[in-house]
Amino acid sequence: MREHREDLVVETPSGLYCPPGDFYIDPWRPVDRAVITHAHADHARAGHRHYLASARSVGVLRARLGDIEVQGVGWGERVVHRGVAVSLHPAGHVLGSAQVRIEHAGRVWVVSGDYRVEADPTCDAFEPVRCDCFVTESTFGLPIYRWQPQQAVFAQIDAWWRANAEAGRPSLLMGYSFGKAQRLLAGVEASIGPIVVHGAVEPINRAYREAGIALPPTHSVAQVQDKAALRRALVIAPPSVQGSAWSRRFPEASDAFASGWMRLRGARRRRGVDRGFVLSDHADWPGLLEAIAATGAQRVIVTHGYEAVMVRWLQQQGLEAGAFRTEYGDEQFGAEGGAVEPQGDAAARPVGAAGTGPQAEEE
Ligand SMILES: [Zn+2]
Ligand SMILES: [Zn+2]
């Protein structure tokens, strides 16, 4: 990408870097000062000396990274470092997820992190922030990605769960343990039956509840004494349980996966699940365009996702557009079952769908 001498954010081998402020945003190698947009594993890594993040995200960050040195700031609160004013603004992606606004010498840049424009009860709603240059994600940056309103998706999930419960089959619903799992919990009709969650999900639930987010009661498998009740249960677990000994505790379960990637029939087939619910924590194509337009930015830099498609489209609209190469998302793909569970929808990117070569299949 063509760089300007006065750029407020540049790409470096350690991550996105603000030269005048001497700090990084979501760096992938250990650094002194890291501003963290959100606690998904590819954005919030261990090993930095000092973290700055939204106060809303501190509980989840600590649940995932342990006892880090983190300064939590309120929404819109200005922190000045070396003459650079930094503030965080809600990104609507997961609890505490932030866009980073950087102001220096009369110029304003915003780094989006991951974002979603449709509001939901588990995190603060996306806030458009005016800027000269907007650094946007593009996880679902293709015109085929258009989400239904989430209420419609939750109605489908409830109907599936209810039918399974009436047939005496557990409903195993897989989704990432941070963000998606809590959104599922907050969105389903909890009166249909008991809700069982995997051990990777409950510590994150705790952080959400401590942040004041209302979630229905959840149980571990061991807590459900009445085994007949398990046959009516909704079981929420990370994708890594598929085919594992853990999931065999729910014999004859109907299984499903909740992800934006379920928009692709091929992705669902490769997953080998009974049902795919198209529910994403990222903006769809219209959402990305709406968010970009709302910033008023004349320059846009695209990160992880479909950079080439998005850059070309933005240039056709007369904007100056380029891309940053980052280490978000992709490298997590295929790591399922390892020590670090892949987090975020980007982790589930179907092989071959990276960058410029979308192999989308319409439903
Ligand atoms: Zn991301
Ligand atoms: Zn994320």
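Here the structure is shown first, and the text comes after it.
Source: prediction; values computed, not measured.

**Q** Got a sec to walk through the overall build of the chain? Specific residues and values, please.
**A** The helix and strand inventory of the chain stands at eight helices and 18 strands. Across the 363 residues in the chain, those meeting the buried criterion constitute 49%. Within the chain, counting contacts between residues at least 6 apart in sequence, those at least 24 apart form 61% of the total.

**Q** Hey, could you go over the sheet that holds strand β2 (residues 15–18) for me, with residue numbers and the actual values?
**A** What holds strands together in a sheet is hydrogen bonding between their backbones, with the strands either parallel or antiparallel. Strand order in the open sheet formed by six strands is β1-β2-β3-β4-β5-β6, with mixed pairing between adjacent strands. Bordering the open sheet on either side are β1 (10–12) and β6 (70–73), each of which pairs with just one other strand. Averaged over all pairs of adjacent strands, the angle between strand axes in this sheet comes to 35 degrees, irrespective of strand direction. Relative to β6, strand β5 (residues 50–54) runs parallel, the two sharing four bridges. Along β6, the bridge assignment pairs S54 with V73.

**Q** Can you explain unusual backbone geometry? Please cite residues and give values.
**A** Backbone geometry at D26 places phi at a positive 45 degrees, although glycine is not the residue there. With respect to the helices and strands, the residue D26 is situated in the loop between β3 (23–25) and β4 (33–35).

**Q** Explain the environment of G113 residue by residue, including any values.
**A** Here G113 is to be found in the loop between β10 (107–111) and β11 (133–138). By the C-beta count within 10 Å, which is 26 here, G113 ends up buried. Along the primary structure G113 and S97 are separated by 16 residues, whereas in three dimensions their C-alpha atoms are 7.8 Å apart. Leaving out residues up to four positions away in the same chain, G113 has contacts with D26, T37, H38, H43, A91, H93, S97, A98 and Q99.

**Q** I'd like to hear about helix α3 (residues 180–187), residue by residue, with values.
**A** The buried count for α3 comes to seven of eight residues, which makes it a mostly enclosed element. Within α3 the residues assigned to the buried category are K180, A181, Q182, R183, L184, L185 and G187. If you follow the buried residues of α3, they end up packed against α2 (150–166), β12 (171–174), β13 (195–197), α4 (202–210), β14 (234–237) and β15 (254–258).

**Q** Explain the nonpolar core residue by residue, including any values.
**A** Counting residues in each nonpolar core, the largest one holds 96 residues, and the members touching the most others are V9, V100, W109, L173, V235 and I236. Taken together, domain 1 (10–145 + 281–348) and domain 2 (150–277) each give at least three residues to this core, which thus spans both. Beyond its immediate sequence surroundings of up to four residues, V100 is in contact with I25, V35, T37, V86, L88, V110 and V111.

**Q** Which residues make up the pairing of strand β9 (residues 98–104), and what are the values?
**A** Within β9, five of the seven residues are buried, leaving the element largely enclosed by the surrounding structure. Bridging between strand β8 (residues 84–90) and β9 involves six bridges; their strand directions are antiparallel. Its bridge partner lying in β9, P90 is registered against A98. Bridge analysis of β9 against β10 gives five bridges, and the strand direction is antiparallel. Looking across to β10, one finds that V100 is bridged to V111. In this antiparallel pair of consecutive strands, β9 and β10, the connection spans two residues, and A105 shows a positive phi of 50 degrees.

**Q** So what's going on with the packing of helix α1 (residues 58–65) against α4? Which residues, and what values?
**A** Between α1 and α4, the shortest axis-to-axis distance is 9 Å and the interhelical angle comes to 160 degrees. Taken together, α1 and α4 sit at an angle that is classed as roughly antiparallel. Handedness of the α1/α4 crossing: right-handed. Contact residues: α1 offers G59, V60 and A63, while α4 offers P203, I204, A207 and E210.

**Q** Explain the pairing of β8 residue by residue, including any values.
**A** Here strand β7 (residues 79–81) pairs with β8 via three bridges, running antiparallel. Counterpart to V80 in the pairing with β8 is A85.

**Q** Describe α4, with residues and values.
**A** Taken as a whole, α4 has its buried residues at I204, N205, A207 and Y208. One face of α4 carries all of its buried residues, which in axial projection span an arc of 160 degrees. After α4 finishes, the residue G212 shows a positive phi value of roughly 90 degrees.

**Q** For the sheet that holds β14, give the residues involved together with the corresponding values.
**A** Reading across from one edge, β13-β14-β12-β15-β16 is the order of the five strands in this open sheet, with parallel pairing throughout. Looking along the sheet, the strands with just one partner apiece sit at the ends: β13 and β16 (275–277). Across the sheet, the mean angle from the axis of one strand to that of its neighbour is 25 degrees, orientation sign disregarded. Relative to β14, β13 runs parallel, the two being bridged by three bridges. Looking at β14, one finds that V197 is bridged to I236.

The rules behind these values
- Residues numbered from 1 in each chain as written.
- Chains lettered and ligands numbered in written order.
- Predicted model: local features only at pLDDT ≥ 70, side-chain atom pairs only at ≥ 80, totals over all residues.
- Helix = DSSP H or I, 4+ residues; strand = E, 2+ residues; numbered from the N terminus.
- Buried ≥ 20, exposed ≤ 12 C-beta atoms within 10 Å, placed from the backbone.
- Contact = placed C-beta atoms within 7 Å.
- Pairing = 2+ DSSP bridges.
- Axes fitted to C-alpha atoms, helices over the stretch in contact; angles between N-to-C directions.
- Core = buried A, V, L, I, M, F, W, Y, C linked by C-beta atoms within 7 Å.
- Domains from an automatic or database assignment.
- Parallel < 35°, antiparallel > 145°, perpendicular 65-115°, else oblique.
- Left-handed = near helix turned anticlockwise from the far one by under 90°.
- Arc of directions from axis to C-beta.

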